[in-house]
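Chain residues, written in single-letter form:
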Amino acid sequence: MALLEASEVVAGYGETEILHGVSVAVNEGEVVTIIGPNGCGKSTLMKAVVGLVRVRTGRVTFKGVDISAQSPERIVRSGLCYVPQSANVFPSLSIRENLEMGAFVRSGSHPDRIEEMFELFPDLALRPGRKAGSLSGGQRQMLAIARALMLDPALLLLDEPSAGLSPAIMGMVFDRIQSINSAGVALLLVEQNAREALRMSHRGYILVSGRNRLEDRGPALLDNPEVGRLYLGA
Ligand SMILES: Nc1ncnc2c1ncn2[C@@H]1O[C@H](COP(=O)(O)OP(=O)(O)OP(=O)(O)O)[C@@H](O)[C@H]1O
Ligand SMILES: [Mg+2]
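Note that this is a predicted model, so its numbers are computed, not measured.

1. So, the packing of helix α3 (residues 95-102) against helix α4 (residues 111-120)
In a pair of packed helices, the angle between the axes and the distance between the axes together describe the arrangement. At their nearest, the axes of α3 and α4 sit 10 Å apart, and the two run at 120 degrees to each other. In terms of orientation, α3 and α4 fall into the oblique class. Judged by the sense of rotation from one axis to the other, the crossing of α3 with α4 is right-handed. On α4, the residues that touch Ile95, Arg96, Leu99 and Glu100 of α3 are Ile114, Glu115, Met117 and Phe118. Of the residues in the contact of α3 with α4, the class split is five nonpolar, no polar and three charged.

This is the structure in structure tokens:
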């Protein structure tokens, strides 16, 4: 059984249908990347999975439970956390306050978890009182990921975690993603930096115009001439 299984998901905004029956799965412990042209519905798929966009038809299951009609809060509590493409931290709150907010729906105290996050992201530990709004793009992305990890999810959804970052910082973010995965967390990524993302992914999907186009193991997609031509600038 897959950890996450989205089957034939149809979703959109108002009258407009964006996803016309998209299917993706993430198995326990996997890193899976979704790539595809701008506007093809990658972010919409993530929002549909976490309950922010209604699943019109089709089904999303997480740990075998149908979550297609569940509230985002309930989905998050069940261990599926999501870092959106933008506006993913509270700029006027400090690093520590952002992490505390991340654990908001978790019961009990969580100082140990904050310390674990500071170990994983040492940059954040330097000045925990610093306002998130004053952080660099890379640090902010790390904080957004750490905030989502506060709930100790089984699956983490990251929408373009490397967007707008320099190659060096991007490498650092991908490196952290691999550490998170090594600790047993499955990841579903949306990425524009397809080559780097597919290289570290167990599997990948290519979406075009709200439909599945290709799916394969990460390295196999990298070697696929169609993928190379369209998405890797080969
Ligand atoms: N809140 C919204 N209301 C109406 N239309 C929207 C909304 N959000 C996205 N769309 C439209 O849905 C389509 C898919 O958008 P989506 O953000 O899912 O694409 P994407 O693949 O993530 O693109 P990008 O690579 O640019 O992030 C686009 O045509 C977009 O304009
Ligand atoms: Mg997007």
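2. Brief notes about the coordination of the magnesium ion (ligand 2)
Under ideal tetrahedral coordination, the four donors around a metal are separated by 109.5 degrees; under ideal octahedral coordination, the six donors are separated by 90 or 180 degrees. Distances from the magnesium ion (ligand 2) to its protein donors, Ser43 (OG) and Gln85 (OE1), fall within 2.0 to 2.4 Å. Here Ser43, found in helix α1 (residues 42-49), pairs with Gln85, found in the loop between β6 (80-83) and α3; they are 42 residues apart in sequence, far enough to count as distant. Of the residues examined, Gln85 reaches a relative accessible area of 37% and is grouped as partly exposed.

3. Some points on the pairing of strand β4 (residues 57-62)
Note: strand β1 (residues 4-13) against β4, five bridges, orientation antiparallel. By the bridge assignment, Ser7 is partnered in β4 with Arg59. Relative to strand β5 (residues 65-66), β4 runs antiparallel, the two being bridged by two bridges. For Thr61, the partnering residue across the bridge sits in β5 and is Asp66. Counting the residues between successive antiparallel strands, the hairpin from β4 to β5 contains two residues, one of them, Lys63, with a positive phi of roughly 55 degrees.

4. Concerning the side chain of Glu191
With respect to the helices, strands and loops of the structure, Glu191 is situated in the loop between β8 (186-190) and α8 (194-199). Comment: no salt bridge for buried Glu191; closest opposite-charge side chain is Lys42, at 9.8 Å. Side chain to side chain, Glu191 and Ser162 meet in a polar contact 2.9 Å long. Each residue touching Glu191, except ones within four places of it in the same chain, is listed here: Thr33, Ile34, Ile35, Glu160, Pro161, Ser162, Phe174 and Ala197.

5. Observations regarding the site of ligand 1
Among the 13 residues in the neighbourhood of ligand 1, the closest are listed as Asn38, Gly39, Lys42, Ser43 and Thr44. Taking Tyr13, its side chain carries an N or O atom lying 3.5 Å from a nitrogen atom of ligand 1. Within the complex, 59% of the 630 Å² of free accessible area of ligand 1 lies under protein. Top element by residues in the shell around ligand 1 is α1. It accounts for three residues. In terms of residue class, the shell around ligand 1 is built from four nonpolar, seven polar and two charged.

Conventions adopted
Residues numbered from 1 in each chain as written. Chains lettered and ligands numbered in written order. Predicted model: local features only at pLDDT ≥ 70, side-chain atom pairs only at ≥ 80, totals over all residues. Heavy atoms only, no water. Axes fitted to C-alpha atoms, helices over the stretch in contact; angles between N-to-C directions. Helix = DSSP H or I, 4+ residues; strand = E, 2+ residues; numbered from the N terminus. Parallel < 35°, antiparallel > 145°, perpendicular 65-115°, else oblique. Left-handed = near helix turned anticlockwise from the far one by under 90°. Contact = heavy atoms within 4.5 Å. Nonpolar A, V, L, I, M, F, W, Y, C, P; charged D, E, K, R; others polar. Donors = N, O, S within 2.8 Å, 3.2 Å for Na, K, Ca; no water. Buried < 20%, exposed > 50% of the residue type's maximum accessible area, 1.4 Å probe, protein only. Pairing = 2+ DSSP bridges. Lys, Arg positive; Asp, Glu negative; His and termini not counted. Salt bridge = Lys/Arg side-chain N within 4 Å of Asp/Glu carboxyl O. Polar contact = N/O pair within 3.5 Å; in protein donor to acceptor, adjacent residues only side chain to side chain. Near = heavy atom within 4 Å. Areas by Shrake-Rupley, 256 points an atom, 1.4 Å probe, with all protein chains shown as cover.

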